[in-house]
Amino acid sequence: MHIPDNYLSPSTCAVMGAAMIPVWVMAVKKVKENVPKERIPLLGVGAAFSFLLMMFNVPIPGGTTAHAVGAALLAILLGPWPACISVTIALLIQALLFGDGGILAFGANCFNMAFVAPFVGYFIYKFIKERVKSGKGEYIGIIAGSYIGINMAALCAAIEFGIQPLLFKNAAGLPLYSPYPLSVSVPAMMVSHLAIAGVVEVIFTVAIYAFIKRVSPGMIYEGAKQKIKPIYAAIVALIILSPLGLLAAGTAWGEWGADEIKNVISGGKSLGFIPEGMKNGFNFNALFPDYAIKGVPDIVGYILSALAGAAILIIIFKIVSALKKGKPAKIQA
Amino acid sequence: MTEKDIPQWLLENENYIPKSDKDTFINKSILSLLSLLSHIQRQSRHKTDLFGINAAFSVIFTILFIILLSVSRSMVFVITANIYLLLVLCLLKAEDIITILKTSFGVAVFTFIILLPTALYGNFYSITMITPKVFASVTAVNILSRSTRWNSITGALKTFFIPDIFILVLDITIMYITMLGEFSLNMLYALKLRSVGRNKNKRNSLSGIAGTMFIKSKEMAEETYAAMECRGFTGDYRIYRKFKFSFADAIYIIVNAVIIFCFIYFGGYLRK
């Protein structure tokens, strides 16, 4: 579910980042208030835990393996606000040090996995646990929370992908970023998450929770024992609806002429870029007429090609010589 | 010792062949943990930052580079950016080049496959623009992570007014990924070694490993805090560092100025 850079437009990334800032501020404040000082390192250790959790491959029916995200699990074990910080840090390390998930898309990734997943998961868990008093209620809560939590996060990611072609097009009407509309992105994301990722998440969350409860029951986060107020429902609704708010925000952020925006609105649902693109006949060859790069003096084009050629040769040379030297480099699969 | 001292059963040939069992998921988990740990260990072996560039500059310009790349609609700029990255790449060590290219090509091929249907319908823009853009962004981040020590990167974050608690947590996280990673690696090895023949409890043991990891991490966190408090930690987190402007920094800034110029020039912003 890690969105790489360039799938989302920079303005979407900015909106998602801006949406996360109050959440992060609130999380830091809540953690400072509620988490005793001696437990602060736990956030880092929690982040390391959530990072490593993604390394565990769980066997799933059909012979393949998949890994869990564990956002709901962390929220249930540590509380939702610390979980938010922990997952954020884990995502930051993945983006900055492992190139997994985009730098610009960091806000969007955090929104889906560090905010939506733990909070939806936690509040559903809490809601069910307080309604169903028996021991089963707890586990039903965990199952529902972790399953719905990860699927909500996937839905948010799908919506973020899906609104890109609606909002961001070039003059020829072709999408600038992720080209698939909601009708494609939502089913594509949801089928895999409802069927596989969600199930893996549930299995792992329940199994780990049961283990910790058996071995060391005092460690699980209790939380304030209050009735779920309607405000929680409002928060959950907001979380679910807020990506849709981007539709409005996106046009405000836009770098497009008024007539283009009109196009987007008047086009309504029939934003089929595909026939449009075919009609306008986007011509790839026009980009490189006679192997020179368009819009650049020939000399610059030659220099650029020469630089690229030299760099590629050096890289190939280095790789070949490294492979000859007892293949130490091959191990880092 | 004579042959008599050896009990008879030791001298007999045994042909016990354990029933084969599926343990791909353990192997996969072990492999992903190992590659992670070796990545971190390689990082910590770096004594200094590779090009001697101030980490704050490399972080700022890498982020700026990715923003320019993402905003740009000029194919020429995207090509230039990729050439620049190839040039930087060829200054690195071969093993770094291989790892970086593996990731970048992996992501680029994935993007290409994802976008292939649009190309079949005649939209070549997405596939020709987004694929090289994704390739360049991933390469840029990986070059940053390979050429700069991680504690320099976290140190650089302090320059961007990121709250102390985030940097503290980030630092602790990187350290504990190694410790907990090694810890769970050992548990996975134990699970693999002890599962001779068919073992139906293997799947359950996996959640036990993760659960033990959580308990262990909680204990470690408390011990860490006690140790930090003993050494006078009050919750503030400061970085004392002398800011030195080196020759490498100057060159790096000039190179990046050229990239920004390319972005403006190829983007056609000068002609308007």
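A quick note: this is a predicted structure, and the numbers were derived from the prediction, not measured.

(A) Representation of the interface of chain A and chain B. Counting residues at the interface gives 87 residues for chain A, matched by 97 residues for chain B. Buried area between chain A and chain B, both sides added, is near 8300 Å², and the carbon and sulfur share of it is 77%. Of all elements in the fold, only α1 (10-34), α2 (40-53), β1 (57-59), α3 (71-78), α4 (80-97), α8 (182-215), α11 (273-280) and α12 (298-324) of chain A reach the threshold of two or more residues within the side of chain A that touches chain B. In terms of residue count, the dominant contributor to the side of chain A that touches chain B is α2 of chain A (12 residues).

(B) Region of interest: the pattern of salt bridges. Residue and element names in this part refer to chain A. Counted according to the given criterion, the structure contains three salt bridges over all chains. Measuring nitrogen to oxygen at the nearest pair gives 3.3 Å for the salt bridge that ties Glu130 to Lys126. Here the residue Glu130 and the residue Lys126 both occupy positions in helix α5 (residues 106-131), the gap between them amounting to four residues, near one helical turn. On the accessibility criterion, Lys126 (11% relative accessible area) is buried. The salt bridge involving Glu138 is made with Lys213; its shortest N-O contact spans 2.8 Å. In this pair, Glu138 sits in helix α6 (residues 135-162) while Lys213 sits in helix α8, placing the two residues 75 residues apart along the sequence. Exposure remark for Lys213: the relative accessible area of 33% places this residue in the partly exposed category.

(C) Layout of the packing of aromatic side chains. All names here are of chain A. A full pass over the atoms with the stated rule returns 14 aromatic pairs over all chains. On the numbers, 5.9 Å between centres and 65° between planes, the contact of Tyr7 with Phe161 is edge-to-face. Taken together, the residues Tyr7 in the segment before α1 and Phe161 in helix α6 connect sequence positions 154 residues apart. Phe161 shares its class with Tyr7; the two are buried. Each member of the aromatic cluster is reached from another via a ring pair, and the members are Trp81, Phe111, Phe115, Phe119, Tyr122, Phe123 and Tyr125.

Rules behind the numbers
- Residues numbered from 1 in each chain as written.
- Chains lettered and ligands numbered in written order.
- Predicted model: local features only at pLDDT ≥ 70, side-chain atom pairs only at ≥ 80, totals over all residues.
- Heavy atoms only, no water.
- Contact = heavy atoms within 4.5 Å.
- Buried area = accessible area lost by both parts, 1.4 Å probe.
- Helix = DSSP H or I, 4+ residues; strand = E, 2+ residues; numbered from the N terminus.
- Salt bridge = Lys/Arg side-chain N within 4 Å of Asp/Glu carboxyl O.
- Buried < 20%, exposed > 50% of the residue type's maximum accessible area, 1.4 Å probe, protein only.
- Phe/Tyr/Trp six-rings, centres within 6.5 Å; stacked < 30°, edge-to-face > 60°.

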